[in-house]
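Now for the letters of each chain:
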Amino acid sequence: MGGLVVSTATGWVASQEVVEPADAGVDPVRLEALVRHVRDAMATFPLPSAQLAVARGGQLVLNAAFGDTDLTRRYVLQSAGRTVVASIAWQLLDQGLISLDDTIASIIPEFGTNGKDVVTVEQVLTHTAGLPFAPLGYPKMLSHDERMAAFGRWRLTYPPGARLEFHLTSAAWIIAELVWRRTGVTIAEYLRTRLCEPLGLSLELGVPVERQADSVAPMIATDRTSDDQEVDPWGPWYVSRPEILAAGEPSHSLVGTAADVALHYQAVVHSGRWSPEIVAEATRVRRSEAPHGDQLYGGGDIPTHMGLFTTISGRYNGSWLPTVGSPATWGHGGAAYQLGFYDPEADLSVACLTNGYPLSGYDYTRRGVSYLVNLANLAAATVS
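Each value, and the rule that gives it
- Residue indices follow the written sequence of each chain, beginning from 1 at its first position.
- Local features in a predicted model are, by the rule used here, given only for residues with pLDDT of at least 70; side-chain atom pairs are given and counted only at 80 or more, and totals for whole chains, interfaces and linings are based on all residues.
- No hydrogens and no water enter the side-chain calculation; it runs on all heavy atoms of the structure.
- Criterion used throughout: strands pair if DSSP finds at least two bridges between them.
- Helical segments are the DSSP runs of H or I of at least four residues, strand segments are the runs of E of at least two, and each set is numbered from the N terminus.
- Between two residues, a contact is recorded if the distance between any of their heavy atoms is within 4.5 Å.
- Fitting a line to C-alpha atoms yields each axis, with helices limited to the stretch in contact; the angle taken between N-to-C directions then spans 0 to 180 degrees.
- Handedness of a crossing follows from how the near helix is turned relative to the far one, being left-handed for an anticlockwise turn of less than a right angle and right-handed for a clockwise one.
- Under the scheme applied, nonpolar residues are Ala, Val, Leu, Ile, Met, Phe, Trp, Tyr, Cys and Pro; charged residues are Asp, Glu, Lys and Arg; polar residues are all the others, including Gly.
- Only protein chains enter the calculation, and the probe is 1.4 Å; a residue is then buried if its accessible area is under 20% of its type maximum, exposed if over 50%, and partly exposed in between.

J.: Which parts of the structure should I look at to understand the sheet that holds strand S1 (residues 49-56)?
T.: The pairing of strands in a sheet comes from backbone hydrogen bonds and takes either a parallel or an antiparallel form. With antiparallel pairing, 8 strands are arranged side by side in an open sheet as S2-S1-S12-S11-S10-S9-S8-S7. The strands lining the two open edges of the sheet, one partner per strand, are strand S2 (59-67) and strand S7 (287-289). Across 7 bridges, the pairing between S1 and strand S12 (residues 348-354) is antiparallel. The residue bridging Leu 52 from the neighbouring strand is Cys 352, located in S12. Across the sheet, helix H10 (residues 258-270) touches S1, S2, strand S10 (330-334), strand S11 (338-343) and S12, and the angle it forms with S12 is around 155°.

J.: I keep staring at the packing of helix H2 (residues 82-94) against helix H6 (residues 171-183) and nothing clicks. Help me out?
T.: The axes of two packed helices give the description: the angle between them and the distance between them. Orientation of H2 relative to H6, taken along the N-to-C sense of each, is 35°, at an axis distance of 10 Å. Between H2 and H6 lies a crossing whose hand is left-handed. Contacts from Val 85, Ile 88, Ala 89 and Leu 92 in H2 reach Ile 175, Leu 178, Val 179 and Thr 183 in H6. Here the contact of H2 with H6 is composed, by residue class, of 7 nonpolar, 1 polar and no charged.

J.: Looking at this structure, I do not really get the environment of Leu 71. What am I missing?
T.: Within the element layout of this structure, Leu 71 appears in the loop between S2 and strand S3 (75-76). The class of Leu 71 is partly exposed, set by a relative accessible area of 35%. C-alpha separation for the pair Leu 71 and Lys 140, spaced 69 residues apart in sequence, amounts to 34 Å. Those residues in contact with Leu 71 that lie beyond four places of it in its chain are Gln 51, Asn 63, Ala 64, Ala 65 and Thr 257.

J.: Where do I start with the pairing of S1 in this structure?
T.: Put simply, side chains in a regular strand alternate between the two faces of the sheet. Within S1, 7 of the 8 residues are buried, which leaves the element mostly enclosed by the surrounding structure. Bridge count for S1 against S2 is 8 bridges, and the pairing is antiparallel. Looking across to S2, one finds that Ser 49 is bridged to Gly 67. Remark: 2 residues form the turn of the hairpin made by S1 and S2, two consecutive strands paired antiparallel; Gly 57 in that turn has positive phi of roughly 60°.

Following this line, the structure appears as structure tokens:
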């Protein structure tokens with residue numbers, strides 16, 4: 001295994017102290033409009049609880065909790081946590097431990113079966129590798145040997161690079177294995193020791209069952225009318241099972257507060273642990289097209305602009321990111337009413353999390369879509 005190069009940068013550490021918005025160049029009146037929008041959603045959907053955090057210039061200007069929660073309660077991030085996973089991959093790229101042109105099989109030989117030997121790191125990071133629903137379920141995900149056996153069984157759905165389709169069940173497992181092969185630590189350990197402890201964040205992957213009740217907001221249905229209603233077993237409700245959350249599926253099982261998410265974006269830019277060059281390379285548009293697949297799993301007819309495991313606003317927004325911010329804004333939404341992004345021109349990061357989910361797992365109603373669109377735009381507009 002290759003050696004891990006740890007940044008020697010010092011200085012920036014996340015602080016929970018909230019500064020005056022005006023002192024950070026954030027309009028307090030517009031910030032209050034954003035708060036009202038989230039507060040209204042609490043009653044409209046209804047949502048059991050939520051957190052909202054806004055940061056600029058490395059500092060929090062807002063850290064608010066709504067409903068049955070507090071500022072220390074952590075939420076299951078779902079896809080909103082992919083930017084954290086992305087940032088780990090960016091560090092490996094930054095340190096020369098992997099390259100975009102590397103084939104996955106050259107690092108993970110077990111993967112190179114059934115025509116997958118040509119799949120590259122870049123294709124995995126851009127959701128174009130050709131195996132969007134390669135299965136790896138519980139309890140097999142707990143065993144490294146079982147995971148490698150699953151890698152060997154996986155088959156391509158389409159030729160690598162042929163189309164964009166969100167790799168919900170496969171991409172993050174591949175990234176996690178790249179971390180292990182190149183650093184000798186699990187992705188959960190890497191997150192804890194290389195990111196969270198040095199940066200002062202409480203993000204965590206693989207929370208033990210016995211600690212979940214006291215530290216993680218439980219997922220609650222916003223539209224349940226009876227106990228026998230069914231949910232999508234492969235949607236967001238999959239990680240509502242304590243043992244699944246504890247297993248640490250890396251693409252959806254991260255937990256953290258809204259402040260963690262907002263400050264993680266700031267850390268990528270301000271901590272010195274990522275070079276400006278890798279951030280620029282990772283957050284430029286590499287693929288722009290309407291994602292293939294069912295709407296419930298990220299498909300649609302509006303173009304999504306992909307960087308390296310993160311979505312980007314681009315000239316024409318289509319990725320749950322603000323339409324009034326910079327085209328270089330990057331981030332990720334999460335099921336069902338979650339959002340996080342960073343606008344590099346404004347140096348503004350925003351995160352809104354909740355533990356309320358419809359039984360379908362996603363909300364594509366006019367009300368649900370407008371909530372996220374308006375949330376993103378109100379947040380972006382807090383900086384002129």
